[in-house]
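Structural features, examined
Each chain, letter by letter, is given below.
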Protein chains: 4
Amino acid sequence: MSRRPRSSDTLTEAQKKIVEAAVAAFAEQGFHGTATRDIARRAGVAEATIFKYFPSKRDLLLGVLGPAIEHLVGPAMARSMDPLFDASYPTFEAFLRALLAERTAFVRAHPQLARILAQELPFDAELRIGIASRVYAPILAKGIALIERFQREGQIVPWPPPLVLRCIVSTFAGYILHRVFIAPDAAWDDEAEIERVIAFVSRGLSPGQPA
Amino acid sequence: MSRRPRSSDTLTEAQKKIVEAAVAAFAEQGFHGTATRDIARRAGVAEATIFKYFPSKRDLLLGVLGPAIEHLVGPAMARSMDPLFDASYPTFEAFLRALLAERTAFVRAHPQLARILAQELPFDAELRIGIASRVYAPILAKGIALIERFQREGQIVPWPPPLVLRCIVSTFAGYILHRVFIAPDAAWDDEAEIERVIAFVSRGLSPGQPA
Amino acid sequence: MSRRPRSSDTLTEAQKKIVEAAVAAFAEQGFHGTATRDIARRAGVAEATIFKYFPSKRDLLLGVLGPAIEHLVGPAMARSMDPLFDASYPTFEAFLRALLAERTAFVRAHPQLARILAQELPFDAELRIGIASRVYAPILAKGIALIERFQREGQIVPWPPPLVLRCIVSTFAGYILHRVFIAPDAAWDDEAEIERVIAFVSRGLSPGQPA
Amino acid sequence: MSRRPRSSDTLTEAQKKIVEAAVAAFAEQGFHGTATRDIARRAGVAEATIFKYFPSKRDLLLGVLGPAIEHLVGPAMARSMDPLFDASYPTFEAFLRALLAERTAFVRAHPQLARILAQELPFDAELRIGIASRVYAPILAKGIALIERFQREGQIVPWPPPLVLRCIVSTFAGYILHRVFIAPDAAWDDEAEIERVIAFVSRGLSPGQPA
DNA sequence: CATGAATGAGTGTTCATTCAT
DNA sequence: GATGAATGAACACTCATTCAT
């Protein structure tokens, strides 16, 4: 550990700074609204340095989101969600509680990535199919399997699992978006809010009379 | 005022074509991703003509969204939603059903505007506060009043009305987004889907045990 | 014809200036060695104006050479050379004299185009085949026909016409290049030089003993 | 001087690879059209290594052509042409034959250098005067002396020696360029072609009637 | 009313070159 | 001796915008 750090992950110091700067800039101004010159300034490197590592601005977007998706949404999500998928959760409500906590934590940890993703996804077909195949599909499969288990156990209503999943995801997404992006500064009684969101979903999907 | 009638809406033919072209272009490629040259080509007018009517590209965005908001979300929404807010709805479920139908119809009628709005809102503070004050606030007020009425009548759970509203909106938004944008081509049994979405919200907010 | 000139050939004033500037710049510094910014400065227009008319720098090269070739080397060459190909020339030597005079005049009139052409041809396959098919081939055909006529008349040696043509062209090209580009400032006794160059070719191709 | 012999020509292995790569690249794409990065890749060295040996890209061009000219065109040419200049050649025609054979062989051996030279010469004044003084002038002097000798012997026409030389060079250049660069793949009867080219020059310069 | 022509200020990207290691 | 990392300056090209006509 004399003087060449080149430490953690074969990432140059500059490379890391570029990615950080790009994340911040894209989140604030969008992909199209951000000039590479701006990213360079933020990162404290020359513009040319950016292109040493990311052949094009688009590659920078993918280089920013790609690892984020892979690390934080792919394996990492699997890592954090696999416990949820284990048989360990005795009740549906316990599962919901764990899921909401986990996803909130993720968005809290990387709000910018979530933002960029949400912004570029509608305009970027390549990104979309990449996400769809690498992230969405696996998660969907696992989620549906779990829903089916809870349905077999009679814990939730026997609707089509994708619909059930969408009800859960919509409600949670609404909560998280509001909490993290729309009104982050409001005074919240988080515990009570969460309890009620959980209760809403839980009761909404409870196996009462058929529909 | 010799021969040009400048009839219906004080909109030149050219003006209408420009707005239509802009809506299409912005929806497809985003605001930043669209060149005025492209809009001009789509509208079949010279680039300079655009700037005759809309002093800047930004003004074009506002000119596209502004009227849309005012006409279609403001008065029109009032028109279509006022009945909802009337005491006429005997049950909460009937209200939900009417609301979902009306909102689905609106997004179906103007999917591009919905898209542009969703895409530009996060990056455009001015737009955001404009919408917030002119659209969001009035709707919110009316919605909350209605929620409170249903709560007083004991039809729904006595949670904070904003939270209740968010549960409704999230679920409906999830359904509509999926139905119109994400999987518009899938084979849907719309009636059954809607029934279940309504049932989900309705049960989720039913006044059972306290939470 | 009040105030908008847009005279001669539907060419903007700017367009003409751009082409002239490009010709001068390319001739002096080569295609790669010339920056569009430089051309803009020379032409007294904004860089963007160049790209209004010539979508890319390459298109500017073609736009500069293309018409030049078509107008000045194609039809114009035909116009100036067709007389040469007519039966009007009684002797081979008279033909040589006329040809050399005409080609010298052409290069003198457009030395820059000749220079650019010579410089870019070796690196530009597209240009090469364009020239080959549009200019070289027709000329070659006519030239060979003429050579054959002189051969039938017994005025010149019965070698393969292409070889004969090459002997003529090489010698003339050597003279013209030297005269116009390499030593334009030297004191020349043009008349005597030309006489001797003609004599050289004429005697070299005279039908003496077979070879 | 421990283990690196730095043997033959005081050229590192790397240096040689760089020069070779540069020659190939320049010949294919021209000097301006070639990026140092490209040369480095071809040579299998780092870009910085190039600048170790050649302070600038321009120096690389000179370093490529300079020695090539000195070694291959200067001394080597002298070596191969000196015999030509000796009294050994009894007839002018024999001299022509030897000269054409030798120059054809040279261009065949180093077609790339010939190409680069031809391409950069018009744009590079420094190169031009370097060549002029170091290569052209000596050759010219020797050539003129030889011409004068043949003229004194009455073998060729008593025109100004430079003109005579230009006739020879033009014709030979035309032949070689065509043979090596323009139509290298055509089916040639080389022997017959050469005979005729020689005959053309020889007769063209034969001391017939004055001109 | 509408436009063709023109542009200043940027855009993403490439280049030859430097230097600490 | 050789290089990976970094860069300032320039590059071709695009943009939203203006204005005489």
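Values in this document were obtained by computation on a predicted structure and should not be read as measured data.

Thresholds, definitions, all that
Residues numbered from 1 in each chain as written. Chains lettered and ligands numbered in written order. Predicted model: local features only at pLDDT ≥ 70, side-chain atom pairs only at ≥ 80, totals over all residues. Heavy atoms only, no water. Helix = DSSP H or I, 4+ residues; strand = E, 2+ residues; numbered from the N terminus. Buried < 20%, exposed > 50% of the residue type's maximum accessible area, 1.4 Å probe, protein only. Contact = heavy atoms within 4.5 Å. Areas by Shrake-Rupley, 256 points an atom, 1.4 Å probe, with all protein chains shown as cover. Near = heavy atom within 4 Å. Polar contact = N/O pair within 3.5 Å; in protein donor to acceptor, adjacent residues only side chain to side chain. Nonpolar A, V, L, I, M, F, W, Y, C, P; charged D, E, K, R; others polar. Axes fitted to C-alpha atoms, helices over the stretch in contact; angles between N-to-C directions. Parallel < 35°, antiparallel > 145°, perpendicular 65-115°, else oblique. Left-handed = near helix turned anticlockwise from the far one by under 90°. Buried area = accessible area lost by both parts, 1.4 Å probe. Salt bridge = Lys/Arg side-chain N within 4 Å of Asp/Glu carboxyl O. Least-squares fit on C-alpha atoms with pLDDT ≥ 70 in both. Phe/Tyr/Trp six-rings, centres within 6.5 Å; stacked < 30°, edge-to-face > 60°. Lys NZ or Arg CZ within 6 Å of the ring centre and 35° of its normal. Core = buried A, V, L, I, M, F, W, Y, C linked by side-chain atoms within 4.5 Å. UniProt positions renumbered as here; feature names shortened; annotations may be inferred. Expected span 1.5 Å × (residues − 1). pLDDT = per-residue confidence, 0-100.

Structural notes on the overall build of chain A
Across its full length, chain A holds 10 helices and 0 strands. Written out in order from the N terminus, the α and β elements of chain A read α-α-α-α-α-α-α-α-α-α. Residue burial in chain A is summarised as follows: out of 211 residues, 46% are buried. In chain A, the share of contacts with a sequence separation of at least 24, taken over all contacts with a separation of at least 6, comes to 62%. In the form shown here, chain A has an accessible surface area of approximately 10,800 Å², with 59% of it arising from carbon and sulfur atoms.

Observations concerning the protein's contact with DNA strand E
The immediate surroundings of DNA strand E are formed by 36 residues, with K57 of chain A, T49 and Y53 of chain B together with T49 and Y53 of chain C found nearest. Protein-adjacent atoms of DNA strand E, using a 4 Å cutoff, are sugar or phosphate at a proportion of 62%. K57 of chain D places a polar main-chain atom, nitrogen or oxygen, 2.6 Å from a phosphate oxygen of DNA strand E. Of all the secondary-structure elements, those providing two or more residues to the surface near DNA strand E are helix 2 (36–43) and helix 3 (47–53) of chain A, helix 3 (47–53) of chain B, helix 3 (47–53) of chain C together with helix 3 (47–53) of chain D. Within the surface near DNA strand E, the residues separate by chemical class into 16 nonpolar, 10 polar and 10 charged.

Quick look at the packing of helix 1 (residues 13–29) of chain B against helix 7 (residues 111–120) of chain B
Residues and elements named next belong to chain B. Put simply, helix 1 and helix 7 touch, their axes get as near as 9 Å, and they point 55 degrees apart. Taken together, the axes of helix 1 and helix 7 are oblique relative to one another. Crossing angle aside, the handedness with which helix 1 passes helix 7 is left-handed. Between helix 1 and helix 7, the contacting residues are V23, A24, F26 and A27 on the first element and Q112, L113, R115 and I116 on the second. Of the residues that constitute the contact of helix 1 with helix 7, the class distribution is 6 nonpolar, 1 polar and 1 charged.

Brief notes about the interface of chain C and chain D
Taken together, the 37 residues of chain C in the interface contact 39 residues of chain D. Of the roughly 3,100 Å² buried where chain C meets chain D, counting both sides, 60% is carbon and sulfur surface. By the criterion of area lost to chain D, the three top residues of chain C are R196, F200 and R203 of chain C, representing 26% of everything that side buries. Seen at the junction of chain C and chain D, the total is 2 salt bridges. A salt bridge links R166 of chain C to E193 of chain D; the nearest nitrogen and oxygen atoms lie 3.2 Å apart. Elements with a contribution of two residues or more to the side of chain C that touches chain D: helix 1 (13–29), helix 7 (111–120), helix 9 (161–182) and helix 10 (190–204) of chain C. Residues of the side of chain C that touches chain D, tallied by class, amount to 18 nonpolar, 13 polar and 6 charged.

Some remarks on the relation of the copies chain A and chain B
Rotating chain A by 180 degrees about the axis while translating it 0.1 Å along that axis superimposes it on chain B, leaving an RMSD of 0.2 Å. As the rotation angle and translation indicate, the two copies are arranged about a two-fold axis. Residue G204 of chain A of chain A places its C-alpha closer to the rotation axis than any other residue of that unit, at 1.9 Å.

Some points on the protein's contact with DNA strand F
Lining the immediate surroundings of DNA strand F are 34 residues, of which T49 and Y53 of chain A, K57 of chain C together with T49 and Y53 of chain D lie closest. Of all atoms in DNA strand F that approach within 4 Å of the protein, 62% are sugar or phosphate atoms. Residue K52 of chain A places a side-chain N or O atom 3.2 Å away from a base nitrogen belonging to DNA strand F. Interatomic distance of 3.3 Å between a backbone N/O atom of A46 of chain D and a phosphate oxygen of DNA strand F. The set of elements that each furnish at least two residues to the surface near DNA strand F consists of helix 3 of chain A, helix 3 of chain B, helix 3 of chain C together with helix 3 of chain D. Counted by class, the surface near DNA strand F contains 15 nonpolar, 10 polar and 9 charged residues.

Quick word on the interface of chain A and chain B
Across the contact, 39 residues belong to chain A and 38 residues belong to chain B. Here chain A packs against chain B, burying approximately 3,100 Å² in sum over the two surfaces, 60% of which is carbon and sulfur. Sorting the residues of chain A by area buried against chain B places R196, F200 and R203 of chain A first, and these three jointly supply 26% of that buried surface. The interface formed by chain A and chain B includes 2 salt bridges. Counting across the chain A and chain B interface gives 4 residue pairs in polar contact (both at pLDDT 80 or more). For the side of chain A that touches chain B, the per-class residue count stands at 20 nonpolar, 13 polar and 6 charged.

Comments concerning the packing of aromatic side chains
Aromatic rings in a pair are described by how distant their centres are and how their planes are angled relative to each other. Per the stated rule, a full pass over the model turns up 22 aromatic pairs over all chains. Residues F92 of chain C and F150 of chain C carry aromatic rings whose centres are separated by 5.3 Å and whose planes lie at 70 degrees to one another, so their mutual orientation is edge-to-face. Of the two residues, F92 of chain C sits in helix 6 (residues 92–109) while F150 of chain C sits in helix 8 (residues 125–152), which places them 58 residues apart along the sequence. Judged by its relative accessible area of 1%, F150 of chain C is buried. What links up through ring pairs into an aromatic cluster is the set F92, F95 and F150 of chain A. Between K57 of chain C and the ring centre of F31 of chain C, over which it is positioned, the NZ or CZ distance is 4.5 Å.

Some thoughts on the environment of P161 of chain C
Residue and element names in this part refer to chain C. Tracing the sequence through the fold places P161 in helix 9. With relative accessibility at 13%, the residue P161 sits in the buried group. Put simply, P161 and Q151 are 10 residues apart on the chain and 8.8 Å apart in space, counted from C-alpha to C-alpha. Beyond its immediate sequence surroundings of up to four residues, P161 is in contact with I144, I147, E148 and Q151.

Digging into the nonpolar core
I168, F172 and L205 of chain A together with I168, F172 and L205 of chain B are the most contacted members of the largest nonpolar core, which has 63 residues in total. Secondary structure elements with two or more residues in this core: helix 6 (92–109), helix 8 (125–152), helix 9 (161–182) and helix 10 (190–204) of chain A together with helix 6 (92–109), helix 8 (125–152), helix 9 (161–182) and helix 10 (190–204) of chain B. Setting aside residues no more than four positions away along its own chain, I168 of chain B makes contact with F92, L96, L99, I147, V201 and L205 of chain B. Ranked by size, the runner-up nonpolar core spans 60 residues in total, among them L99 of chain C together with F92, W159 and V164 of chain D.

Here's the deal with the UniProt feature "DNA-binding region" (unreviewed entry) in chain A
In the numbering used here, UniProt assigns the "DNA-binding region" (unreviewed entry) feature to residues 35–54 of chain A. End C-alpha to end C-alpha, residues 35–54 of chain A measures 14 Å, and it is 75% helix and 0% strand.

What to know about the relation of the copies chain C and chain D
Relative to chain D, chain C is turned by 180 degrees and slid 0.1 Å along the rotation axis, the superposed coordinates differing by an RMSD of 0.2 Å. Residue by residue, 100% of the interface of chain C is reproduced at the interface of chain D, so both copies engage with the same surface.

Section: helix 6 of chain B
End to end, helix 6 of chain B covers 26 Å across 18 residues, agreeing with the expected 26 Å (1.5 Å per residue, within 8%). Listed in full, the buried residues belonging to helix 6 of chain B are F92, F95, L96, A98, L99, L100, E102, R103, T104, F106 and V107 of chain B.

Describing the confidence of the model for chain A
Residues and elements named next belong to chain A. Here chain A averages 84 in pLDDT, and 84% of its residues register 70 or above. When mean pLDDT is compared element by element in chain A, helix 2 scores highest at 96, while helix 5 (residues 75–85) scores lowest at 61. Low pLDDT, under 50, characterises residues 1–8; the predicted model gives this stretch 3 contacts beyond four residues in sequence or across chains.

Details of the pattern of salt bridges
Residue and element names in this part refer to chain A. Inspection of the entire model under this criterion finds 42 salt bridges over all chains. Among the salt bridges present, the one from E153 reaches R149, with a minimum N-O distance of 3.1 Å. For E153, a relative accessible area of 45% gives the class partly exposed. What you see here is one network of salt bridges that share partners, running through E28, D38 and R42.

Brief notes about the side chain of T12 of chain C
Within the secondary structure layout, T12 of chain C lies in the segment before helix 1. A polar side-chain atom of T12 of chain C sits 3.0 Å from a polar atom in the side chain of Q15 of chain C.

Overview of the packing of helix 6 (residues 92–109) of chain D against helix 10 (residues 190–204) of chain D
All names here are of chain D. Contact pair helix 6 / helix 10: the axes reach a minimum separation of 10 Å and the direction vectors enclose 130 degrees. If you check the angle between helix 6 and helix 10, you find them oblique. The crossing of helix 6 and helix 10 is right-handed. Contacts between helix 6 and helix 10 pair F92, E93, L96, R97 and L100 from the former with I194, E195, V197, I198, V201 and S202 from the latter. A class-by-class count of the residues in the contact of helix 6 with helix 10 yields 7 nonpolar, 1 polar and 3 charged.

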